[in-house]
Amino acid sequence: MPKPSMSAPSASPRKPLPLASGEARARLRRRLLDWFAIHQRQLPWRANRDPYAIWISEVMLQQTQVATVIPYFQRFIKQFPNAAALASADEQEVLRAWEGLGYYRRARFLHLAAKKIVADHGGLFPEDPDSVRALPGFGRYTANAVLSQAFNAKLPILEANSRRVISRWAGIEGNLKTREAETELWKWAEDLLPQKRAGDFNQAVMELGALICKPEGPRCGDCPVQKECFAFLHDAQDRIPAKSPRPLVTEVHELALVIRRDAQVLLVQRPLGGRWGSMWEFPRTEVTGDVEQAAADLLGSIGVQATLGSELAVIHHGVTRFKIRLTCMEARWSKGMFQPGPYLKGRWIEPEQLSDFPLSRPQRRLASVLQNRQISHIS
Ligand code: SF4
């Protein structure tokens, strides 16, 4: 792996780079590791070097805040304490344990990877980087994060916090999402790694980003490596890293139908793949015209005839760049055998059984509305 050029290409060549010398980089490693030893948060996945636990935490932490992850992690590890337990679980069980964390593809990949670990590695997390990268759902970040933390492999990592921190140290200006900037960042991340304690160092960089070197208002006065930091020395914290334009938000209106037949309601399973793949929901569709027409089209697509009833709730939620308004209505089945249509399958269930099925967060909110109402029938 080539060493990074000691003057980052996007930084101004006239401005000195504090990390240009090997001594400065050694000083940074030492200071950062000393700081980490004292200031790191006590997180449940840091209790030991179990690669399985580290892997689960790393996957949960993608796109999700630490405070949200902690209770999920503790419950998940209790329910599936090792790769063998996870591999032998039903996918629906795994999705139910993941419910609320979002980005459910992560849970499906965990499950698939656990099966492969059992089938190909006797249930033990492999130490060989090629074997780890061959597991479903493992990109460069996840593989290196687990291997460096669990086995101290000298492998770099880059995620949101470390991207920001390293770009400030190295004075990488401009858009960090270009291929050149990405290559430059990986080179720096690799070059800065110590010979020993690579896992601690990787975590320390992320921890510094989480606690001190925040996107807005970094606490440089409390930073252990300010003397090694380009952004601090050149007063460039506000412009490094460059801000990305906010993604445009698209507003979407959807309809969910709680179709009742006697004391039961209809729940359908989404197709594999795509958002919320293989999870369950009340039949749902996008509303592009009026709600009645959307309801008629939805009912037609699943072969059910029903009388539309009252509005149960309007649930607002966001998914990536979509701002979704979900109108939830009751309907009373009149005739017709359920046909899967766009779904994998459907089941008529008692409302009390809703807690057995993995639902997306907005659908779980609808289920709660329903369960709180308990006996609400359309006359
Ligand atoms: S000195 Fe400031 S900008 Fe530089 S790493 Fe520390 S907190 Fe971040």
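Residues numbered from 1 in each chain as written. Predicted model: local features only at pLDDT ≥ 70, side-chain atom pairs only at ≥ 80, totals over all residues. Heavy atoms only, no water.

**Some remarks on the site of the ligand**
Inspection of the region around the ligand gives R168, W169, I212, C213, P218, C220, C223, Q226, C229, F232 and Q237 as its neighbouring residues. The class makeup of the residues in the shell around the ligand is eight nonpolar, two polar and one charged. (Near = heavy atom within 4 Å. Nonpolar A, V, L, I, M, F, W, Y, C, P; charged D, E, K, R; others polar.)

**Let's talk about unusual backbone geometry**
The omega angle of the peptide bond from I240 to P241 is -5°, so this bond is cis rather than trans. As for its placement among the helices and strands, P241 is situated in the loop between α12 (230-233) and β1 (250-261). The backbone phi angle of Q63 is positive, close to 70°, even though this residue is not glycine. Along the polypeptide, Q63 turns up in the loop between α2 (51-61) and α3 (66-79). Positive phi values are uncommon outside glycine, yet Y103 reaches one of about 45°. Mapped onto the secondary structure, Y103 falls in the loop between α5 (91-98) and α6 (105-121). (Helix = DSSP H or I, 4+ residues; strand = E, 2+ residues; numbered from the N terminus.)

**Examining the pattern of salt bridges**
Summed over all chains, the structure comprises 19 salt bridges. The shortest N-O distance in the salt bridge between D191 and R25 comes to 2.9 Å. In this pair, D191 is assigned in helix α10 (residues 179-191) and R25 in helix α1 (residues 22-39), connecting sequence segments 166 residues apart. As far as burial versus exposure is concerned, D191 and R25 are alike and both buried. Ionic pairing is found between E330 and R260, a salt bridge with its closest N-O pair at 3.0 Å. You can see E330 sitting in strand β6 (residues 322-335) and its partner R260 sitting in strand β1, a full 70 residues away along the chain. The exposure classification of E330 matches that of R260, with both residues buried. (Salt bridge = Lys/Arg side-chain N within 4 Å of Asp/Glu carboxyl O. Buried < 20%, exposed > 50% of the residue type's maximum accessible area, 1.4 Å probe, protein only.)

**Let's talk about the domain arrangement of the protein**
What the domain assignment reports for the protein is domain 1 (18-233) and domain 2 (250-373). Look at where the C-alpha atoms of domain 1 and domain 2 centre, and you get two points 37 Å apart. Across the contact, nine residues belong to domain 1 and 16 residues belong to domain 2. For the pairing of domain 1 and domain 2, the buried interface totals around 930 Å² over both sides, and the portion due to carbon and sulfur atoms is 44%. Looking at the side of domain 1 facing domain 2, the largest losses of area belong to Q92, R96 and E99, adding up to 47% of the total buried there. Put simply, E99 and R364 hold a salt bridge, and the shortest N to O gap is 2.5 Å. (Domains from an automatic or database assignment. Contact = heavy atoms within 4.5 Å. Buried area = accessible area lost by both parts, 1.4 Å probe.)

**Things to note about the pairing of β6**
Here 11 bridges tie β1 to β6, and the two strands are oriented parallel to one another. Among the inter-strand pairings, H253 is bridged to a residue of β6, identified as R325. Pairing between strand β5 (residues 305-319) and β6: 12 bridges, direction antiparallel. Within the sheet, the bridge partner assigned to E311 lies in β6 and is M329. Hairpin geometry of β5 and β6 is characterised by an intervening segment of two residues between the two adjacent antiparallel strands and by a positive phi of about 45° at T320. (Pairing = 2+ DSSP bridges.)

**A short note on the nonpolar core**
One finds W55, I56, M60, F76, L86, W98 and F138 to be the most contacted residues of the largest nonpolar core, which totals 43 residues. Looking at this core, the elements with two or more residues in it are α2, α3, α4 (83-88), α5, α6 and α8 (140-151). Ranked by the residues each element gives to this core, the list is headed by α2, at seven residues. Residue-level mapping places this core at the junction of two domains, with at least three residues from each of domain 1 (18-233) and domain 2 (250-373). Once residues lying within four places of it in the same chain are set aside, the contact partners of W55 are L110, A113, A114, I117, F125, F138, T142 and V146. If you look at the next biggest cluster of nonpolar residues, it comprises 36 residues, including L19, L185, I212 and F230. (Core = buried A, V, L, I, M, F, W, Y, C linked by side-chain atoms within 4.5 Å.)

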